[in-house]
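# Understanding the architecture of this molecule
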Amino acid sequence: MEKAEFIRTVCENPVNRAILERLPDLKAPDAWLVSGALFQTCWNVKTGRPVAHGIKDYDIFYFGGADLSWEAEDEVIRRAKALFADLDAEIEVKNQARVHLWYEERFGLPYAPLKSACEGIDRFLAPACKVGLKPDGEGGYELYAPDGLADIAQMLIRPNVTANFGAREYERKAARWKAVWPELTVVPPA
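We now turn to the structure provided with this report. (Residues numbered from 1 in each chain as written. Predicted model: local features only at pLDDT ≥ 70, side-chain atom pairs only at ≥ 80, totals over all residues. Heavy atoms only, no water.)

## As for the packing of aromatic side chains
The relative placement of two aromatic rings is captured by the distance of their centres and the angle of their planes. What the rule picks out here adds up to ten aromatic pairs. Their ring planes at 70° and their centres at 5.1 Å tell us that Trp43 and Trp181 sit as a pair that is edge-to-face. Here Trp43, found in helix H3 (residues 36–47), pairs with Trp181, found in the loop between helix H8 (167–180) and strand E7 (185–186); they are 138 residues apart in sequence, far enough to count as distant. A residue is classified by how much of its surface remains accessible, and Trp43, at 0% relative accessible area, is buried. Residue classification places Trp181 among the buried residues on the basis of a relative accessible area of 0%. Ring geometry for Phe165 versus Tyr170: centroids 5.6 Å apart, planes at 50°, classification tilted. Here the aromatic cluster, defined as three or more aromatic residues joined through ring pairs, consists of Phe39, Trp43, Trp177 and Trp181. Above the ring of Tyr111, the side-chain terminus of Arg123 is found at 4.4 Å from the ring centroid. (Phe/Tyr/Trp six-rings, centres within 6.5 Å; stacked < 30°, edge-to-face > 60°. Helix = DSSP H or I, 4+ residues; strand = E, 2+ residues; numbered from the N terminus. Buried < 20%, exposed > 50% of the residue type's maximum accessible area, 1.4 Å probe, protein only. Lys NZ or Arg CZ within 6 Å of the ring centre and 35° of its normal.)

In structure tokens:
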């Protein structure tokens, strides 16, 4: 799958398109639409399903390192809620500069501080999940896909073994995805 085809496919989902169009108005630093909303839209188009089939939520990552307080992140969440209020979708906003403050308590694994939103994308459970898209300011989009787009095109889920990889969480998510998209090939964790 080429970048242009990926972007065209992702934008077939009107929620993705609306989020990407409005993302600069969120005024959140280093903001990206990431992961499931992108690769699952591609799976839906490939398998002839409605574009939003099975998409649980739409994740926006940003990196606001100047203020790591919950109140600062909550302010961005409130702005997103207002900005996207007309969309019939659950939108999750996470400041990647803060993840290390709560991750271990929630998932039981340490999580080193990040330096950018893209470093958060790098830590997703599978290479197919490691994708982000944002407006480039010139009428196009910047794509972040450090492992490429082949796993998305092939409907392949395989472990991305990073320091925070959790086999149980990987298996839980992979099982949900396989139930929704039975065409997936899921590689079990080693």
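## Examining the sheet that holds strand E2 (residues 58–62)
With mixed pairing, the five strands of this open sheet are ordered in space as E3-E2-E1-E4-E5. Single-partner strands in this sheet number two, and they are strand E3 (91–95) and strand E5 (141–144). Strand-to-strand twist of the sheet, defined as the mean angle between neighbouring strand axes without regard to direction, takes the value 25°. Where strand E1 (residues 32–34) lies against strand E4 (residues 132–135), two bridges are found, and the strand directions are antiparallel. Bridging across to E4, Leu33 finds its partner in Leu133. Helix-sheet contacts for helix H1 (residues 3–10) involve E4 and E5, and the interaxial angle to E5 is about 105°. (Pairing = 2+ DSSP bridges. Axes fitted to C-alpha atoms, helices over the stretch in contact; angles between N-to-C directions. Contact = heavy atoms within 4.5 Å.)

## Quick word on the nonpolar core
Counting 58 residues, the largest nonpolar core has Phe6, Trp43, Ile152 and Ile157 as the members making the most contacts within it. Apart from residues no more than four positions distant in its own chain, Ile152 is found in contact with Phe6, Phe39, Cys42, Trp43, Ala128 and Val131. (Core = buried A, V, L, I, M, F, W, Y, C linked by side-chain atoms within 4.5 Å.)

## Looking at the pattern of salt bridges
Within the structure shown, the criterion is met by eleven salt bridges. Here Arg79 and Glu75 are joined by a salt bridge, their closest N and O atoms 3.9 Å apart. Placement of both Arg79 and Glu75 in helix H4 (residues 70–83) is noted, with a separation of four residues, approximately one turn of the helix. Classification of Arg79 as partly exposed rests on a relative accessible area of 30%. Residue Glu75 is classed as partly exposed on the basis of its relative accessible area, which comes to 31%. With a shortest N-O distance of 3.4 Å, Glu92 and Lys94 are connected by a salt bridge. Given a relative accessible area of 24%, Glu92 falls into the partly exposed group. Classification of Lys94 by relative accessible area gives partly exposed; the value is 23%. Salt bridges sharing common partners tie together Asp74, Glu75, Arg78 and Arg79. (Salt bridge = Lys/Arg side-chain N within 4 Å of Asp/Glu carboxyl O.)

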